[in-house]
Amino acid sequence: MATQTQAQDDHSEAMAISGPPAAAIEKEDSFQTQPSSMSEDPEEEEEEEEMSEELHQITLSANNNNTGTSLVEHEFVGEPVMFGEQAEREGCEEILAALTPSEKEKLADPNMPLRHFRAEKGKTDKAIKKIKATIAWREEFGMEKIKGGDEEMRKIVMKESETGKMYVRGYDEEGRAIIYMRPAKENTHVELDNMRDLVYHLERAIASTLRKSGKEKFNMIIDYDGFKLRNAPPLSTSKFTLNILQKHYPERLHRAYLCNPPLVFRTCWALIQPFVDPVTKEKIVFCHGKSGVEKMKERMDMDTIEVSVGGTGTNLREFDMQEYFDTPLNVTFDDPDIDSSK
């Protein structure tokens, strides 16, 4: 399970593992089933209309940024410039020039070339090779079905999510969405479906972050409460996960917080570590006890973080799978931008 942060071990506590632009996903692409209840009470009708409009405004933004190829649309907003704006712009232009018209139409978003340019440290030849591979992978993997309303795919992802083993909830202090992962709640062992579930939540975190802050990265919080060796995925699944995160989502992971990993996790880590690239390792943070909470406090409002991982969000609601899938892809569970009381 890939993750990020400037990690730290038990002793030295240094370890590691694997604005305002609108969200790039349309409302109908969000695995949602809109409630259709009608009320005879005028006040209730008014509340329902307000809620509908609120959700509508949040998802309207999706229409603006799905297949464009112009870097001007984002004007390099979001994450900090790494190699100088002119160098990055010229690098992206070179990458775009190497893509076919069909490949350009299939870009995940206008800044996809920029992320590959940065991930390859400004080496455009490598970035071109990697972005072409990712464009092909997204099509082969069925990305549009995973993000969209394909009924079969919806059933698969909802089945994977029954136990609440993974969902997107809340944001860090800079507006990057957080993916919660709970390995102890693994409920299936079909590798391909596990990966479809992972990709759905990666896309949801990306879309929510873009809508919220215009940034491009997400966080992961991996809660190892109750984890036992029998919960560990096969090595092939761990490698598959790392391959997706490192090759097809470059410059997307901001931090990965591994909260209170048990002693048995060291066995899993020993097997996975050789496959984790150095850049990913630097983004992984091992959080143990009070010192771990202090690390999270550096970037998180702990009142918005679940208690199970050291947060103080005592009023946060329990995860509701149906509600989660009834809301747009660019909205997190219990999103602060949505008044759930309506």
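Structure first, text after, so check above.
A few points on the structure.

Reading the values: rules and limits
- Residues numbered from 1 in each chain as written.
- Predicted model: local features only at pLDDT ≥ 70, side-chain atom pairs only at ≥ 80, totals over all residues.
- Heavy atoms only, no water.
- 1 Å grid on protein atoms, 1.4 Å probe; cavity = no way out; pocket = protein on both sides within 12 Å on 5 of 7 lines; lining within 4 Å.
- Points joined across faces, edges and corners; volume = space filled by probe spheres on them.
- Nonpolar A, V, L, I, M, F, W, Y, C, P; charged D, E, K, R; others polar.
- Buried < 20%, exposed > 50% of the residue type's maximum accessible area, 1.4 Å probe, protein only.
- Helix = DSSP H or I, 4+ residues; strand = E, 2+ residues; numbered from the N terminus.
- Pairing = 2+ DSSP bridges.
- Contact = heavy atoms within 4.5 Å.
- Axes fitted to C-alpha atoms, helices over the stretch in contact; angles between N-to-C directions.
- Parallel < 35°, antiparallel > 145°, perpendicular 65-115°, else oblique.
- Core = buried A, V, L, I, M, F, W, Y, C linked by side-chain atoms within 4.5 Å.
- Expected span 1.5 Å × (residues − 1).
- Patch = residues over 30% accessible without salt bridge, like charges linked within 9 Å, V, L, I, M, F, W, Y side chains within 5 Å.
- Areas by Shrake-Rupley, 256 points an atom, 1.4 Å probe, with all protein chains shown as cover.
- Salt bridge = Lys/Arg side-chain N within 4 Å of Asp/Glu carboxyl O.

## Here's the deal with empty space enclosed by the protein
Taken as a whole, the second largest cavity holds about 40 Å³ of empty space. Taken together, Glu79, Leu114, Arg115, Arg118, Glu216, Lys217 and Glu251 make up the lining of the second largest cavity. Taken together, the residues of the lining of the second largest cavity sort by class into one nonpolar, no polar and six charged.

## What about the pairing of strand 1 (residues 166-171)?
Of all six residues in strand 1, six are buried; the element is thus mostly enclosed. Hairpin geometry of strand 1 and strand 2 (residues 177-181) is characterised by an intervening segment of five residues between the two adjacent antiparallel strands and by a positive phi of about 90 degrees at Gly175.

## Examining the side chain of Asp197
Within the secondary structure layout, Asp197 lies in helix 8 (residues 191-213). Discounting chain neighbours no more than four positions away, the residues touching Asp197 are Val157, Glu160, Ser161, Lys165 and Met166.

## Quick word on the packing of helix 7 (residues 151-160) against helix 8
Helix packing geometry: the angle between the two helix axes and the distance between the axes. Following both chains from N to C, one finds helix 7 and helix 8 inclined at 90 degrees, their axes separated by 9 Å at the closest point. It follows that helix 7 is roughly perpendicular to helix 8 by the angle criterion. Residues Met153, Ile156, Val157 and Glu160 of helix 7 touch helix 8, and the partners they reach there are Asp193, Asn194, Arg196, Asp197 and Tyr200. For the contact of helix 7 with helix 8, a count of residues per class yields four nonpolar, one polar and four charged.

## Focus on the sheet that holds strand 2
Strand order in the open sheet formed by five strands is 1-2-3-4-5, and the pairing between neighbours is mixed. Two strands bound the open sheet, and with one partner strand each, they are strand 1 and strand 5 (284-287). When the angles between neighbouring strand axes are averaged without regard to direction, this sheet yields 25 degrees. Taken together, the four bridges between strand 4 (residues 253-259) and strand 5 define a ladder with parallel strand orientation. Of the residues in strand 5, the one forming a bridge with Tyr257 is Val285.

## Overview of the nonpolar core
One finds Ile179, Leu202, Phe218, Met220, Ile221, Met296 and Ile305 to be the most contacted residues of the largest nonpolar core, which totals 60 residues. A total of seven residues in this core trace back to one element, the largest contributor, which is helix 8. With residues up to four places along the chain from it excluded, the contact list for Met296 reads Ile221, Tyr257, Cys259, Cys287, Met302, Ile305 and Val309. Counting 11 residues, the second largest nonpolar core, distinct from the first, contains Leu96, Leu99, Ala108 and Ala127.

## A few points about the packing of helix 5 (residues 124-140) against helix 9 (residues 235-248)
As a packed pair, helix 5 and helix 9 sit with axes 10 Å apart at the nearest point and diverge in direction by 130 degrees. Overall, the two elements helix 5 and helix 9 adopt an arrangement that is oblique. Facing Ala133, Thr134 and Trp137 of helix 5, the residues of helix 9 in contact are Ile244, Lys247 and His248. Looking at side-chain class alone, the contact of helix 5 with helix 9 contains three nonpolar, two polar and one charged residues.

## Concerning helix 8
Helix length check: helix 8, at 23 residues, gives a terminal C-alpha distance of 33 Å against a target of 33 Å (1.5 Å per residue), a fit within 8%. Counting buried residues along helix 8, 20 of its 23 residues qualify, which places the element largely inside the surrounding structure. Where helix 8 ends, the next residue or the one after it, Gly214, has phi of about 80 degrees, a positive value.

## Examining a nonpolar patch on the surface
Residues Leu235, Leu271 and Phe275 make up a contiguous nonpolar surface patch of about 270 Å² in total accessible area. When you line up the elements, Leu235 lands in helix 9.

## Focus on unusual backbone geometry
Non-glycine residue Glu251 carries a positive phi angle of around 55 degrees. You can see Glu251 is positioned in the loop between helix 9 and strand 4.

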